[in-house]
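Here is what each chain is made of, one letter per residue.
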Amino acid sequence: MMSRLLVLIARGWQKGPSRILPPTCRFQPSCSAYAITAWQRYGALKGSWLAAKRILRCHPWGGQGHDPVP
């Protein structure tokens, strides 16, 4: 139930503010798509942990490229 709510919030982000802001994603898939997949696959708690780790890696000295959900 909680993971569905989180997915709806992330999809709202994808359809709203994300379309207006310039693209800055360093990874494929984007962080929001990564989070959605993590929540669907692992649930709210572990999926949020994986999404948070991914967002924390998204900085100029972090990685880049293809980074799928484990």
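Everything that follows concerns the structure shown earlier in this document.
Here the structure is a predicted model, which is why all the values come from computation and not from measurement.

Things to note about the environment of Ser-32
By the secondary structure assignment, Ser-32 is in helix 3 (residues 31-42). With 21 residues separating them in the primary sequence, Ser-32 and Arg-11 have C-alpha atoms 7.8 Å apart.

Thoughts on helix 4 (residues 44-57)
The end-to-end C-alpha distance of helix 4 is 20 Å, a good match for the 20 Å that 14 residues give at a rise of 1.5 Å each. Within helix 4, the full set of buried residues consists of Gly-47, Leu-50, Ala-51 and Arg-54. Projected down its long axis, helix 4 shows its buried positions confined to an angular sector of 95°, all on one face. Residues of helix 4 that are exposed and angled more than 90 degrees away from the buried face: Leu-45, Trp-49 and Leu-56. Those residues of helix 4 that are buried are in contact with strand 1 (27-28) and helix 3.

About the criteria used
Residues numbered from 1 in each chain as written. Predicted model: local features only at pLDDT ≥ 70, side-chain atom pairs only at ≥ 80, totals over all residues. Heavy atoms only, no water. Helix = DSSP H or I, 4+ residues; strand = E, 2+ residues; numbered from the N terminus. Expected span 1.5 Å × (residues − 1). Buried < 20%, exposed > 50% of the residue type's maximum accessible area, 1.4 Å probe, protein only. Arc of directions from axis to C-beta. Contact = heavy atoms within 4.5 Å.

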